[in-house]
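# Structure at a glance
Letter by letter, the chains look like this.
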Amino acid sequence: MTESSDPATGKRFRIMIVEDDALVALGIRCTLDELGYEVCGVAASEPEALALAGRTQPELALMDIRLRGPTDGIDTARRLRAEFGIRSVYLSAYTDHQTMSRITSTYPLGFVQKPYSAVQLRMALDLAVRRLGS
């Protein structure tokens, strides 16, 4: 059994993708499918992410920093955690000191820098799943 599913039930781990670039989101979705995760949806903005979380109750958000609209992924991750208890793994090209400091304040389960490889994403998600399970 992989980390992408529960050893007791075999149920696949549910992840929502929060990414404003449709092509990037499709690539992430394909990678997650190949890794055995269940993608419960894609959101491009904070309102879409909050609505998706309410409807599908994912166990984790894979979060980009830049989103459509006035609110970024860091503030969206903060709201997802506060309102739904959903933790985030960030997937972003932004690694400057100010951004990383803001990310740290949301207690993320991981960070993967774009461009990413499937191996990097798998390792970050496997660690996040283990952290959530403990």
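Residues numbered from 1 in each chain as written. Predicted model: local features only at pLDDT ≥ 70, side-chain atom pairs only at ≥ 80, totals over all residues. Heavy atoms only, no water.

### Side note on the packing of helix α3 (residues 73–84) against helix α4 (residues 97–104)
Packing of α3 against α4 brings their axes to within 10 Å, and their N-to-C directions diverge by 5 degrees. Between α3 and α4, the crossing angle belongs to the class labelled roughly parallel. When α3 is examined against α4, the residues Ile-74, Asp-75 and Arg-78 are found in contact with a partner set consisting of Thr-99, Arg-102 and Ile-103. Tallied by class, the residues present in the contact of α3 with α4 amount to two nonpolar, one polar and three charged. (Axes fitted to C-alpha atoms, helices over the stretch in contact; angles between N-to-C directions. Helix = DSSP H or I, 4+ residues; strand = E, 2+ residues; numbered from the N terminus. Parallel < 35°, antiparallel > 145°, perpendicular 65-115°, else oblique. Contact = heavy atoms within 4.5 Å. Nonpolar A, V, L, I, M, F, W, Y, C, P; charged D, E, K, R; others polar.)

### Quick look at the sheet that holds strand β4 (residues 87–92)
Taken in spatial order, the five strands line up as β2-β1-β3-β4-β5 in an open sheet, and their pairing is parallel. The outermost strands of the open sheet, each flanked by one partner alone, are β2 (38–43) and β5 (110–113). Between one strand and the next, the sheet's axes are offset by a mean angle of 20 degrees, whatever the strand orientation. Examined bridge by bridge, strand β1 (residues 14–18) and β2 share five bridges and lie parallel to one another. Bridging from a neighbouring strand, Ile-15 pairs with Val-39 of β2. Relative to β2, helix α1 (residues 22–35) is tilted by about 170 degrees, and along the sheet it contacts β1, β2, β3 (60–63) and β4. Most of the contacts of helix α2 (residues 46–56) go to β2, to which it runs at about 150 degrees, and overall it touches β1 and β2. (Pairing = 2+ DSSP bridges.)

### With respect to the UniProt feature "domain: Response regulatory" (unreviewed entry) in the protein chain
UniProt marks residues 14–129 with the feature "domain: Response regulatory" (unreviewed entry), using the numbering shown here. Secondary structure within residues 14–129 divides into 49% helix and 22% strand; the distance between the first and last C-alpha atoms comes to 10 Å. (UniProt positions renumbered as here; feature names shortened; annotations may be inferred.)

### A closer look at the nonpolar core
Residues Ile-15, Leu-32, Tyr-37, Leu-60, Leu-62, Val-89 and Leu-125 are the most contacted members of the largest nonpolar core, which totals 19 residues. Ranked by residue count, the leading element in this core is helix α5 (residues 118–133), at five residues. In contact with Leu-60, not counting residues within four places along its chain, are Phe-13, Arg-14, Ile-15, Met-16, Ile-86, Arg-87, Ser-88, Val-89, Leu-109, Leu-125, Ala-128 and Leu-132. Judged by nonpolar contacts, the second largest core, of 18 residues, contains Ala-43, Leu-50, Leu-67 and Tyr-90. (Core = buried A, V, L, I, M, F, W, Y, C linked by side-chain atoms within 4.5 Å. Buried < 20%, exposed > 50% of the residue type's maximum accessible area, 1.4 Å probe, protein only.)

### With respect to unusual backbone geometry
Cis geometry marks the peptide bond from Lys-114 to Pro-115, where omega comes out at -5 degrees. Within the element layout of this structure, Pro-115 appears in the loop between β5 and α5. The backbone of Gln-57 sits at a positive phi, close to 45 degrees, despite the residue not being glycine. Phi is positive for Tyr-107, which is not a glycine, with a value near 55 degrees. Checked against the element boundaries, Tyr-107 lands in the loop between α4 and β5. The exposure class assigned to Tyr-107 is exposed, which follows from its relative accessible area of 56%.

### Things to note about the UniProt feature "modified residue: 4-aspartylphosphate" (unreviewed entry) in the protein chain
On the UniProt side, "modified residue: 4-aspartylphosphate" (unreviewed entry) is annotated at positions that read Asp-64 here. Among the secondary structure elements, Asp-64 is positioned in the loop between β3 and α3. According to the relative accessible area criterion, Asp-64 is buried, its value standing at 5%. Filtering out sequence-adjacent residues up to four positions away, Asp-64 remains in contact with Val-18, Glu-19, Asp-20, Gly-73, Leu-91, Ser-92 and Lys-114.

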